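Residues per chain, in single letters:
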Amino acid sequence: MRLLGPILGRMEAELLGPIISRVFGILLRNNELPPQPEELDGVEWRVEYVSPIALAQRGQKVERAVQMLTIAGQMAAFDPNVMARFNSEGFLPWIANELGVDPDLVLDDQEFAQKQQAMQAASMVEPAQMAADAFAKAGQGAKSFAEAQAVGNA
């Protein structure tokens, strides 16, 4: 990969990139592409290569990032502030993107926020339910105690 990396990078930049841009421009001018969705208005697109070599290079990027995170975790034993430097919410989506994982397997920001809110709401309900159950049991115990005292006094 060390030998092919620079060659592949140069081919992508000097050959494949211009060819793809040219073909896309021709198709666009000839109205042979479907209408662009409104969400993409003003957005600059870029070609992403998914050859086995390109995927292997991206995998190495992920390995280096995970290695850095591992080292940071070890350093955090001495200084807990080290981990505060990481964008922990962005790390997993970045890894999924770099490895070419199906985007449906990782929640987007909005879905993640909704899931967190639901989990927080559930975590608040659980202690309240436990307290309600404890009060109900205490009430039943007090009632049983009062009934036993009434029978004992009779």
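Being a predicted model, the structure only gives us computed values, none of them experimental. (Residues numbered from 1 in each chain as written. Predicted model: local features only at pLDDT ≥ 70, side-chain atom pairs only at ≥ 80, totals over all residues. Heavy atoms only, no water.)

## Remarks on helix α2 (residues 52-75)
The end-to-end C-alpha distance of α2, which contains 24 residues, comes to 34 Å, matching closely the 34 Å that a straight helix rising 1.5 Å per residue would cover. Taken as a whole, α2 has its buried residues at Ala54, Arg58, Gly59, Val62, Ala65 and Ala72. (Helix = DSSP H or I, 4+ residues; strand = E, 2+ residues; numbered from the N terminus. Expected span 1.5 Å × (residues − 1). Buried < 20%, exposed > 50% of the residue type's maximum accessible area, 1.4 Å probe, protein only.)

## Notes on the pattern of salt bridges
On inspection of all chains with the given rule, the structure shows 3 salt bridges. Here Lys61 and Glu98 are joined by a salt bridge, their closest N and O atoms 3.5 Å apart. Here Lys61, found in helix α2, pairs with Glu98, found in helix α3 (residues 88-99); they are 37 residues apart in sequence, far enough to count as distant. Exposure remark for Glu98: the relative accessible area of 8% places this residue in the buried category. What emerges from the salt-bridge pattern is a single network uniting Arg58, Lys61 and Glu98. (Salt bridge = Lys/Arg side-chain N within 4 Å of Asp/Glu carboxyl O.)

## What to know about the packing of aromatic side chains
Taken as a whole and judged by the stated rule, the model has 1 aromatic pair. Here Phe91 and Trp94 contribute two aromatic rings whose centre-to-centre distance is 6.2 Å and whose plane-to-plane angle is 35°, an arrangement assigned as tilted. Linking Phe91 with Trp94, this pair stays in helix α3, spanning 3 residues, or about one helical turn. With a relative accessible area of 18%, Phe91 lands in the buried category. Classification of Trp94 as partly exposed rests on a relative accessible area of 28%. (Phe/Tyr/Trp six-rings, centres within 6.5 Å; stacked < 30°, edge-to-face > 60°.)

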